[in-house]
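Residue strings, one per chain:
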Amino acid sequence: MPTVKYQRGDKVMGRWPGSSLYYEVKVLSFDAISQLYTVIYKDGTELELKEQDIKSVTGFQTRPRSRSRSPGRRRSRSRSPARTTRRSSSRTAAAVATAAIADSVLSTSRELKLKDTLEVRVSPLKETKAAENNSNNKHEKKEENNTPIKVNEKSEEKVEADAEKIQGRYNLRRRKDDSGAKPSAVTAEQLEKEPAQVAAPSAAALSTTLDFGGKIGAYFWLLFLPAWVLFLALQVNLEDPSLTNFPPPLPPLEAFWDTQAFGFVILWILFQALLYILPVGKLSEGMPLRSGERLKYRTNGFFAIVVSAAAVAAAVYLGFDLTYIHSHFLQLAVASFLISVLLSIYLFVRSRYAASEQLALGGSSGNVVYDFFKGHELNPRVKNFDLKFFCEMRPGLIGWCLINFAMALAEMKQHGLDAPSYSMILVNLFQLLYVADGLWNEEAILTTMDLMHDGFGFMLAFGDLVWVPFTYTLQAYYLVSHPNPLSLPVVTVIVILKLVGFYIFRKSNSEKNAFRRNPSDPKLSHLRTIPTATGKSLLVSGWWGVVRHPNYLGDLIMALAWSLPCGFSHLLPWYYMIYFIILLVHRDSRDMSECRRKYGSAWDEYCRTVRYRIIPRVY
Ligand SMILES: NC(=O)c1ccc[n+]([C@@H]2O[C@H](COP(=O)([O-])OP(=O)(O)OC[C@H]3O[C@@H](n4cnc5c(N)ncnc54)[C@H](OP(=O)(O)O)[C@@H]3O)[C@@H](O)[C@H]2O)c1
Ligand SMILES: CC(C)=CCC[C@@H](C)[C@H]1CC[C@H]2C3=C(CC[C@]12C)[C@@]1(C)CC[C@H](O)C(C)(C)[C@@H]1CC3
């Protein structure tokens, strides 16, 4: 790090986010682009700080405090992270954060009422510590809601809310690290003894910690993903769709392009865009950005699918033959692919001109291909039109249902049926329920990884506009030419399976979403939580106490129920299940690294308490 004030390995005093308290930290690296230092606290929590939030140890003086404080509060304030690690190895940065936040809030508001709240706040630190000392099965002993910890959790949430606001104001950032580095594994002792080994990547490396196989991976995925969609689309039409039929017979080049199909895709996207901008439905707030700002999103997805269904019904009534979608599947996919490429080019170019605050952390490698693939700008918008949100929730998702419906009509046409087969009805209804539920709970998407952390580039543009509508529909497509009659008992079993999966998926997603939006929601008051250094807590009972990703478990059970109606004669209709296991296992590990980095020892504590990731006692 040439020309920067603090060097890698320097021990300095870093301001705790949202407070006026400084704790000893070690400088890990400096990012020349964002002008932020990554520092590590004694308990392993890493944060990004501006230069103005760092002071050298020598010039540092403890601020004299004239204000009278209660003994409880003094006890809380007297511990710094530095002392923590020497005196009490179990004390987490959460406690430090609490003290810091309490200090900050008191500094900014002298209201007695608030002060009282914060004084009550001191005892959870003890409780937390006690809980941590009981490690391994500490959470099996239930905390009752009427015990002091409950009272304190309430005040904690108040403090958390204040902390969130303050963090936004100070713009202290947390580092995005996709490399899977595990800061919580870096102990204070290591920091003391092995500074060289603990030293983090250089500034350049920091901004280029890449996932999806890095730069080489980006080349691979750019070629592989479209080729794979093409392969599946060609396979599904074969009488015997099988991996052994590789390569599938390729149609002549001109068969890939159809201007009318391109026109239909454009019309569909414009129609969805029109529905999106209509001033109908709620304006929901996204999660706070680094700047502290919260973007507004028009969450009228359910309205959009209802109007789309009405429009499609009207088109069919007026004589439009929807089986066109079945017969022009390949051409529609190619047209959508072209649009996703054009969109990605636009996104890439505009990201070059975007302010650094608007960029996703970790999305910039300096490598054109990687940045194009992964996406760089977090929330690209044209006026209030949010491109990422729109693409993720509208044309592809609603298009998925439209294509499924067209496949049902094609099945009837091809086999001269008066009604679609049971298997086709099940696949259609199950997936319609999934999409409609996603749109009904559209606000919940605002707390997912894609919306909060990932830049918008080729991966998501292609995923949303091509991958979802043209690979998630393969089961319905397969059934058109590969009927699989089902008996009523089998139908019943599959329906029950789907409902069980849906119940787990919906309940767990709603629980987390409600908790993240309002941690003091009375409906969640029975749940136990672990405080973290960031001021947010982690649910440790309820659905999120069963496994670390109960929503993935529900989703996987549903995926199984989608494949079963297609039978076992071919692997192709099971493709979604296989892909989904890979996707969710990868997402889970990405999320684990991200949460470990964000929450440090509190995350480890959570993982010790909730041992399994997705399937209880299995994985
Ligand atoms: N059909 C598909 O193709 C598809 C693909 C991918 C995902 N999905 C579905 O989309 C939904 C969203 O998935 P996602 O991958 O974005 O992940 P997610 O599970 O919704 O979100 C993970 C985030 O939840 C928070 N969290 C984790 N553990 C917590 C706890 N114990 N208490 C409170 N908060 C906790 C953390 O964020 P913070 O702490 O920062 O809030 C974490 O980063 C899932 O239901 C998934 O099945 C579907
Ligand atoms: C190109 C590849 C291989 C990957 C792109 C991934 C992308 C298709 C998915 C990433 C997040 C997914 C997602 C849904 C659809 C598929 C993704 C965009 C989702 C909108 C489906 C409906 C659900 O109810 C949901 C929970 C809202 C989903 C959110 C995540």
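Here's a quick rundown of the structure. Within any chain, residue numbers begin from 1 and follow the written order of that chain's sequence. To read the labels, note that chains go from A and ligands from 1, taken in the order they are written. With the structure being a predicted model, the display of local features is reserved for residues of pLDDT at least 70 and the display and counting of side-chain atom pairs for 80 or more, all residues being used for whole-chain, interface and lining totals. Side-chain calculation: all heavy atoms of the structure are included, whereas hydrogens and water are not.

This part covers the site of ligand 2. Neighbouring ligand 2 are 16 residues, the closest being G438, I445, D450, D464 and R587. Across the complex, the protein chains shield 86% of the 630 Å² of accessible surface that ligand 2 would expose by itself. Every element with two or more residues in the shell around ligand 2 is listed here: α16 (387-393), α18 (422-440) and α20 (458-471). The helix and strand labels rest on DSSP assignments: H or I over at least four residues marks a helix, E over at least two residues marks a strand, and numbering proceeds from the N terminus. Sort the elements by how many residues they give to the shell around ligand 2 and α20 lands first, with five residues. Note on residue categories: nonpolar means Ala, Val, Leu, Ile, Met, Phe, Trp, Tyr, Cys or Pro, charged means Asp, Glu, Lys or Arg, and polar means any other residue, Gly included. Partitioning the shell around ligand 2 into residue classes produces 10 nonpolar, two polar and four charged. Nearness of a residue to a molecule or strand requires only that one of the residue's heavy atoms be within 4 Å of it. Using a 1.4 Å probe, accessible areas were evaluated by the Shrake-Rupley method; residue-level cover was limited to the displayed protein chains.

What follows covers the packing of helix α23 (residues 550-563) against helix α24 (residues 575-599). Any two packed helices are characterised by how steeply their axes cross, that is the angle between the axes, and by the distance between the axes. An axis is simply a line fitted to the C-alpha atoms; with a helix, the fit covers only the stretch in contact. Between two such axes, the angle follows the N-to-C directions and lies from 0 to 180 degrees. Running from amino to carboxyl end, α23 crosses α24 at an angle of 170°, the nearest separation of the two axes being 9 Å. By the criterion of interaxial angle, the relationship of α23 to α24 is roughly antiparallel. Side by side, α23 and α24 meet where Y552, D555, L556, A559, L560, W562 and S563 of the first sit next to Y576, M577, F580, I581, L584, R587 and D588 of the second. Residue composition of the contact of α23 with α24, by class: 10 nonpolar, one polar and three charged. By the definition adopted for this analysis, an angle is roughly parallel if under 35 degrees, roughly antiparallel if over 145, roughly perpendicular if from 65 to 115, and oblique otherwise. Two residues qualify as a contact provided that any one of their heavy atoms is within 4.5 Å of a heavy atom in the partner residue.

For the rest of this paragraph, the subject is unusual backbone geometry. A positive phi is found at K383, a non-glycine position, where the angle reads about 55°. Tracing the chain through its elements places K383 in the loop between β8 (381-382) and β9 (385-386). For R617, which is not glycine, the phi dihedral falls at a positive 65°. Within the secondary structure, R617 sits in the segment after α25 (601-609).

What follows is about the packing of aromatic side chains. Note on aromatic pairs: the rings of Phe, Tyr and Trp (six-membered ring only in Trp) are paired at centre separations within 6.5 Å, and the planes decide the class, stacked below 30 degrees, edge-to-face beyond 60, tilted for the rest. Within the structure shown, the criterion is met by 44 aromatic pairs. Think of it as a cone above the ring: NZ of Lys or CZ of Arg counts as a charge over the ring if it is within 6 Å of the ring centre and within 35 degrees of the ring normal. In this structure, R381 packs its charged tip against the face of Y297, placed 4.8 Å from the ring centre.

For E442, the location among the structural elements is in the loop between α18 and α19 (449-452). Categorising residues by exposure relies on relative accessible area from a 1.4 Å probe, with only protein chains included: less than 20% of the type maximum marks a residue as buried, more than 50% marks it as exposed, and the intermediate range marks it as partly exposed. Classification of E442 by relative accessible area gives buried; the value is 1%. When the C-alpha atoms of E442 and R290 are compared, they prove to be 22 Å apart, with 152 residues separating the residues in sequence. If near-sequence neighbours (up to four positions away) are discounted, E442 is found in contact with R298, T299, N300, G301, F389, M393 and R394. Pairs of N or O atoms are called polar contacts if they sit within 3.5 Å, as long as, within protein, a hydrogen donor faces a hydrogen acceptor (for residues adjacent in sequence, only side-chain-to-side-chain pairs). Of the polar contacts made by the side chain of E442, one reaches the backbone nitrogen of N300; its length is 3.3 Å.

The next thing to look at is the site of ligand 1. For ligand 1, the set of nearby residues contains 26 residues, the closest of which are Y472, R516, Y552, D555 and Y599. Within the backbone of M449, an N or O atom sits 3.1 Å from an oxygen atom of ligand 1. Within the side chain of R516, an N or O atom sits 2.5 Å from an oxygen atom of ligand 1. If ligand 1 stood free it would expose 920 Å²; the protein chains cover 93% of that surface. Taken together, the residues that form the shell around ligand 1 break down as 15 nonpolar, four polar and seven charged.

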